Amino acid sequence: MRNEKDDTGTGQTKPIQINIPISEEVIRGLKVGDFVEINGTILCGRDAVLPKMVKMAEAGNDKTLMTMLRGSVIFHTAVSIAGIGPTSSNKVEIEGSIPGLSKAGVKIHLGKGALSADTMAALQTYNSVFAITPPTTAYFSSKIISQKVAMFPEEGMEALYEVTVEGFPAIIAIAHGESIFTNT
Amino acid sequence: MLTIEKIREGVGKCLVKSGTTYRADQFEIYKNAIAKETNKNAKWVLERLVENAEVAGKRGFPLCDDTGIPHLYLEVGDDLDLPKGWLSAIHEGVAQGLKTMPGRPMAVKGNDIERVEQSVGLSDDPADVLPVPAITKPVPGNRLSVTVLLFGGGPEIRAKTYRVYHKRSIKTVLEEGASWMAAEVKNLGCTPCTIAMGVGRSHTEASMRMVEAMRHGDLRKQSEWERKITDIVNAGKVGPLGLGGDYSVMGTFLKIGPLRASGIRVVCARPCCCVEPRRATVSFDPAGAITFD
């Protein structure tokens with residue numbers, strides 16, 4: 001899965017290709033600082049819907065949602081005509097959803113900003129990771145193949161969306177109890 | 001002749017420019033940082049941000065999906081006769097620009113309580129994101145200049161306005177403000193940022209001075225205290241996206257207003273994110289000629 005160093009002379013490694021759904025083994029192979037590119041259908045949601053999804057996952061009686069979450073990537077973003085881009089993952093409703101959604105099968109939480117030690121511990125418990133990506137909306141527009149509302153359409157741009165992407169860039173920031181953030 | 005149609009059209013284009021382009025000083029400072037940064041993760045982020053700005057400028061896409069809340073800074077020439085309805089035309093231009101860019105449709109619907117609780121949903125119309133009441137300043141001459149600034153949500157979580165007991169020391173006041181920002185940038189997420197800081201007699205004025213600093217600031221022309229504030233925050237080595245390195249902050253925009261006899265100064269500080277300050281200015285002369293900056 002891991003690619004060799006590239007020959008561009010930049011010192012950066014070629015990104016690891018991550019395909020959805022993501023297996024436990026793929027996550028175990030990731031480490032902090034890995035550059036990745038995500039391919040497939042990611043879930044996009046933020047403050048308004050993530051706590052609702054946790055409640056539904058805890059109840060466990062919505063098979064569509066449970067299937068959707070297993071091996072998934074959740075990108076902390078709104079989806080609108082302006083595009084997509086990471087919102088702060090350390091907002092209360094978003095960071096608070098990470099343990100519950102990891103337990104339900106989410107493998108990569110994608111956003112920005114440092115997370116707490118408690119959230120890091122939960123990620124480790126459920127073999128999930130946190131990845132970050134810059135707020136490069138114009139660039140992302142070239143990586144989106146399709147998008148549709150999956151749940152909670154009444155929330156508008158904060159609805160849960162399924163967005164199909166190719167080569168979507170990110171850095172693994174928290175994995176297996178380690179963090180890339182030097183100041184947390 | 002300057003007409004309300006020209007004002008409307010010019011302000012609309014100005015808003016789109018504000019939300020889709022980096023200024024020359026931003027490109028220059030980012031490219032200098034890429035050349036100097038030795039942390040490979042930080043360098044990767046800086047390169048992506050420049051690439052994003054190049055794509056945005058070329059294709060007219062928003063720099064960030066949080067297209068921000070429009071803030072207006074108006075400079076009205078003393079010798080200029082403005083057409084009837086000029087201020088409404090500026091607001092209509094903002095609405096037109098939000099539809100064209102497009103802005104993110106994020107206005108919350110409902111009455112006071114419903115809006116606070118976000119209980120009846122969002123408007124689908126980007127133009128419903130209304131501008132903040134404008135700051136207006138008289139200037140010599142015969143031109144009207146409208147600066148559109150777009151404020152994203154992340155920095156609003158981390159901004160702070162508070163009093164500082166100055167003890168008759170500029171160092172005390174500005175280092176206090178810098179310390180707030182040093183504590184906040186590590187959680188901002190979208191670093192590197194530009195610190196905007198205003199000092200005034202009231203909380204309202206300090207906020208307005210901060211906007212004034214954003215109106216005039218240039219990352220290539222930094223005063224002694226702007227450099228000191230930048231250095232204080234950069235000492236934390238938070239870096240782009242919190243990944244470490246030398247560039248948590250690309251620069252500081254500082255404006256100190258008139259002050260009063262008092263033991264305190266009010267400081268407003270905001271860590272503007274890596275696509276900010278999103279700023280563009282459109283100027284109109286009496287003949288109706290339009291220029292953009």
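Residues numbered from 1 in each chain as written. Chains lettered and ligands numbered in written order. Predicted model: local features only at pLDDT ≥ 70, side-chain atom pairs only at ≥ 80, totals over all residues.

**Topic: the overall build of chain A**
Inference 1: Looking only at helices and strands, chain A features 7 helices and 8 strands.
Inference 2: Its C-alpha atoms give chain A a radius of gyration of 15 Å, near enough to 16 Å, the size a compact globule of 184 residues would have.
Inference 3: Taken along the three principal axes of its C-alpha coordinates, chain A extends 50 × 35 × 30 Å.
Inference 4: Evaluated residue by residue, chain A yields a buried proportion of 49% over its 184 residues.
Inference 5: Considering only contacts within chain A whose residues lie at least 6 apart along the sequence, 65% involve residues at least 24 apart. (Helix = DSSP H or I, 4+ residues; strand = E, 2+ residues; numbered from the N terminus. Rg over C-alpha atoms; globule rule 2.2 N^0.38 Å. Buried ≥ 20, exposed ≤ 12 C-beta atoms within 10 Å, placed from the backbone. Contact = placed C-beta atoms within 7 Å.)

**Things to note about the domain arrangement of chain B**
Residues and elements named next belong to chain B.
Inference 1: Taken domain by domain, chain B comprises domain 1 (1-21 + 63-151 + 278-293) and domain 2 (153-272).
Inference 2: Using C-alpha coordinates to define each centre, domain 1 is positioned 25 Å away from domain 2.
Inference 3: At the interface, 8 residues of domain 1 touch 7 residues of domain 2.
Inference 4: For the side of domain 1 that touches domain 2, the elements supplying multiple residues, two or more each, are β1 (69-77) and β3 (144-151).
Inference 5: It is β3 that contributes the most residues to the side of domain 1 that touches domain 2, 3 residues altogether.
Inference 6: Taken together, the residues of the side of domain 1 that touches domain 2 break down into 4 nonpolar, 2 polar and 2 charged. (Domains from an automatic or database assignment. Nonpolar A, V, L, I, M, F, W, Y, C, P; charged D, E, K, R; others polar.)

**Here we look at the nonpolar core**
Inference 1: Within the largest apolar cluster, 137 residues are counted, with the highest numbers of intra-cluster contacts made by A:V129, A:A131 and B:M197.
Inference 2: Of all the elements, strand β7 (residues 160-175) of chain A adds the most residues to this core, at 11 residues.
Inference 3: Every residue in contact with A:V129, bar those within four places of it in the chain, is listed here: A:I27, A:L30, A:I108, A:L123, A:I172, A:I174 and A:A175. (Core = buried A, V, L, I, M, F, W, Y, C linked by C-beta atoms within 7 Å.)

**Details of the sheet that holds strand β7 (residues 264-272) of chain B**
Paired through their backbone hydrogen bonds, the strands of a sheet run either parallel or antiparallel.
Residues and elements named next belong to chain B.
Inference 1: Judged by pairing direction, the sheet is mixed, and its 4 strands sit side by side in the order β4-β7-β5-β6 without closing on themselves. The open sheet terminates on both sides in strands that have one partner only, identified here as β4 (160-165) and β6 (249-256). Sheet twist, expressed as the mean angle between neighbouring strand axes with direction ignored, is 20 degrees.
Inference 2: Judged from the 7 bridges that link them, strand β5 (residues 193-200) and β7 form a sheet pairing that is antiparallel. Looking at the pairing, M197 lines up with A269 of β7. (Pairing = 2+ DSSP bridges. Axes fitted to C-alpha atoms, helices over the stretch in contact; angles between N-to-C directions.)

**Quick word on the packing of helix α1 (residues 4-20) of chain B against helix α4 (residues 86-100) of chain B**
Residues and elements named next belong to chain B.
Inference 1: Two elements in contact, α1 and α4, have axes separated by 7 Å at closest approach and are oriented at 40 degrees. Put simply, α1 runs oblique to α4. Relative to α4, the crossing made by α1 is right-handed. Contacts between α1 and α4 pair I4, I7, R8, E9, G10, V11, G12, K13, C14, L15 and V16 from the former with W86, A89, I90, E92, G93, V94, Q96, G97, L98 and T100 from the latter.
Inference 2: Taken together, the residues of the contact of α1 with α4 break down into 11 nonpolar, 6 polar and 4 charged. (Parallel < 35°, antiparallel > 145°, perpendicular 65-115°, else oblique. Left-handed = near helix turned anticlockwise from the far one by under 90°.)

**As for unusual backbone geometry**
Inference 1: Each neighbour pair has its own omega, and for A:I20 with A:P21 the value is 5 degrees, a cis peptide bond.
Inference 2: Within the fold, A:P21 resides in the loop between β1 (16-19) and α1 (24-28).
Inference 3: Of the consecutive residues B:E276 and B:P277, the connecting peptide bond is found in the cis state with omega at -10 degrees.
Inference 4: In this fold, B:P277 is placed in the loop between β7 and β8 (278-284).
Inference 5: In this structure, A:N127 takes a positive phi of about 55 degrees despite not being glycine.

**Considering the interface of chain A and chain B**
Inference 1: In this assembly, 32 residues from chain A lie in contact with 42 residues from chain B.
Inference 2: In terms of residue count, helix α7 (residues 137-140) of chain A provides more of the side of chain A that touches chain B than any other element does, 3 residues in total.
Inference 3: Looking at the side of chain A that touches chain B residue by residue, the classes come out as 14 nonpolar, 16 polar and 2 charged.

**Remarks on the sheet that holds β1(B)**
All names here are of chain B.
Inference 1: The strand order across the open sheet formed by 5 strands is β2-β1-β3-β8-β9, and the pairing between neighbours is mixed. Since the sheet does not close on itself, it has two edges, and those belong to β2 (135-139) and β9 (290-292), each with one partner. Geometrically, the sheet is characterised by an average inter-axis angle of 20 degrees between neighbouring strands, direction not taken into account.
Inference 2: Bridging between β8 and β9 involves 3 bridges; their strand directions are antiparallel. Within β9, the position partnered with S283 by the bridge is T291.
Inference 3: Running over the sheet, α1 touches β1, β3, β8 and β9 and is turned about 155 degrees from β8.

**Here we look at the pairing of strand β3 (residues 72-76) of chain A**
Residues and elements named next belong to chain A.
Inference 1: Counted residue by residue, β3 has 5 buried out of 5 residues, so it is predominantly covered.
Inference 2: The alternating pattern of β3 places S72, I74 and H76 on one face and V73 and F75 on the opposite face, and all of these are buried.
Inference 3: Alignment of strand β2 (residues 35-45) against β3, held across 3 bridges, turns out to be parallel. Bridging from a neighbouring strand, C44 pairs with F75 of β3.
Inference 4: Bridge analysis of β3 against strand β4 (residues 106-111) gives 4 bridges, and the strand direction is parallel. Considered in β4, the bridge of I74 is made with H109.

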